[in-house]
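# Commentary on secondary and tertiary structure
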Amino acid sequence: EAGVVQSPRYKIIEKKQPVAFWCNPISGHNTLYWYLQNLGQGPELLIRYENEEAVDDSQLPKDRFSAERLKGVDSTLKIQPAELGDSAVYLCASSPGPDRGHANEQFFGPGTRLTVL
Amino acid sequence: AQSVTQLGSHVSVSEGALVLLRCNYSSSVPPYLFWYVQYPNQGLQLLLKYTSAATLVKGINGFEAEFKKSETSFHLTKPSAHMSDAAEYFCAVSHSGNTGKLIFGQGTTLQVKP
């Protein structure tokens, strides 16, 4: 079974430029998460999708961040414009969903390491 | 509100020695608890999880953790450390109501010395 796929793995941009990250979850997983992981810290949830609906985006800085999950499969996270403080690892995770008995177990992708210069 | 505290940002052990990584949680409702491991430049991999069944949970790679409600703890242990265990370890708590949101601790870096 293929795991969660993310691209690109690394991205270096200058501040004020836009950037986008892509995630393809495990096949059949209805729930998709985007996390932000700063250096030396644990991941923090940015947004959670149930199928194509964003059910928790309370931690997403909506002035510059946006996300979409068209057709309820893969997802894109965008930052526009990027700031120096956005340098971090952006992790995508998926899970079978709240009604599939996996007790919130989440499967993580390798992440995208963003560096903003 | 839920939270997780991992005591010790860095733990160093000798190869073959006991590994003990500490995790305390705060939750107003019955929690689900998880330990994840992260190797350099990789995503998080689930080691084990507690979901209100047996309080002693066995995971992959010889790790286990014990849920102690009275101490609000979920410490991770391994009897004998291997060099390959060197990594970052994260404890996480989730609402047992299946909201899906994981709250992570700050992480503990495990160093294994030869």
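Structure: above.
The paragraphs below set out a description of the structure included in this document.

## Some words on the overall build of chain A
- Of regular secondary structure, chain A possesses zero helices and 11 strands.
- Going from N to C terminus, chain A has its helices and strands arranged as β-β-β-β-β-β-β-β-β-β-β.
- The globule rule puts the C-alpha radius of gyration for 117 residues at 13 Å, and the 14 Å found for chain A is close to it.
- Here the C-alpha coordinates of chain A stretch approximately 45 × 25 × 25 Å along the principal axes.
- The buried share of chain A, taken over its 117 residues, is 48%.
- Partitioning the contacts of chain A with sequence separation of at least 6, the portion at a separation of at least 24 is 55%.
- Each charge class in chain A can be summarised by its mean position, and for the 12 positive and 15 negative side chains these summaries are 7 Å apart.

## Here's the deal with the state of the cysteines
All names here are of chain A.
- Within this structure, the stated rule accounts for two disulfides over all chains.
- Each disulfide pairs two cysteine sulfurs, and for Cys 23 the partner residue is Cys 92, the sulfurs being separated by 1.9 Å. Residues Cys 23 and Cys 92 share a disulfide whose torsion about the S-S bond is about -70°; that sign makes it left-handed. Residue Cys 23 is found in strand β3 (residues 19-24), and its partner Cys 92 is found in strand β9 (residues 88-95); the two are separated by 69 residues along the sequence. One exposure class covers both Cys 23 and Cys 92, and it is buried.

## A few points about the interface of chain A and chain B
- Taken residue by residue, the interface counts 23 residues in chain A and 22 residues in chain B.
- Buried area between chain A and chain B, both sides added, is near 1800 Å², and the carbon and sulfur share of it is 47%.
- Taken together, the links from chain A to chain B amount to one salt bridge.
- A salt bridge links Lys 49 of chain B to Glu 105 of chain A; the shortest N-O distance between them is 2.7 Å.
- Linking chain A with chain B are four residue pairs in polar contact (both at pLDDT 80 or more).
- Elements represented by at least two residues in the side of chain A that touches chain B include exactly β4 (31-37) and β5 (44-50) of chain A.

## Thoughts on the sheet that holds β3 of chain A
Residue and element names in this part refer to chain A.
- The four strands are arranged β1-β3-β8-β7 in an open sheet whose pairing can be described as antiparallel. Strands with a single pairing partner mark the edges of an open sheet, and in this sheet they are β1 (5-7) and β7 (65-68). Across the sheet, the axes of successive neighbouring strands diverge by a mean angle of 15°, strand direction being ignored.

## Quick notes on the nonpolar core
- Among the nonpolar cores identified, the biggest contains 27 residues, and Trp 35, Leu 48, Phe 74, Leu 76 and Tyr 89 of chain B are the most heavily contacted of them.
- Ignoring any residue separated from it by four or fewer positions in sequence, one finds Tyr 89 of chain B in contact with Gln 6, Leu 21, Trp 35, Tyr 36, Val 37, Leu 47, Phe 63, Leu 76, Gly 107, Thr 108 and Leu 110 of chain B.
- With 22 residues, the next largest nonpolar core counts Phe 21, Ile 26, Tyr 49 and Phe 65 of chain A among its residues.

## Some remarks on the pairing of strand β1 (residues 3-7) of chain B
All names here are of chain B.
- Side chains of β1 alternate between two faces, with Val 4 and Gln 6 buried and Ser 3, Thr 5 and Leu 7 left unburied.
- Direction of pairing for β1 relative to strand β3 (residues 19-26): antiparallel, over a ladder of five bridges. Paired with Val 4 across the strands is Tyr 25, a residue of β3.

Reading the values: rules and limits
Residues numbered from 1 in each chain as written. Chains lettered and ligands numbered in written order. Predicted model: local features only at pLDDT ≥ 70, side-chain atom pairs only at ≥ 80, totals over all residues. Heavy atoms only, no water. Helix = DSSP H or I, 4+ residues; strand = E, 2+ residues; numbered from the N terminus. Rg over C-alpha atoms; globule rule 2.2 N^0.38 Å. Buried < 20%, exposed > 50% of the residue type's maximum accessible area, 1.4 Å probe, protein only. Contact = heavy atoms within 4.5 Å. Lys, Arg positive; Asp, Glu negative; His and termini not counted. Charge placed at Lys NZ, Arg CZ, Asp CG, Glu CD. Disulfide = S-S within 2.5 Å. Buried area = accessible area lost by both parts, 1.4 Å probe. Salt bridge = Lys/Arg side-chain N within 4 Å of Asp/Glu carboxyl O. Polar contact = N/O pair within 3.5 Å; in protein donor to acceptor, adjacent residues only side chain to side chain. Pairing = 2+ DSSP bridges. Axes fitted to C-alpha atoms, helices over the stretch in contact; angles between N-to-C directions. Core = buried A, V, L, I, M, F, W, Y, C linked by side-chain atoms within 4.5 Å.

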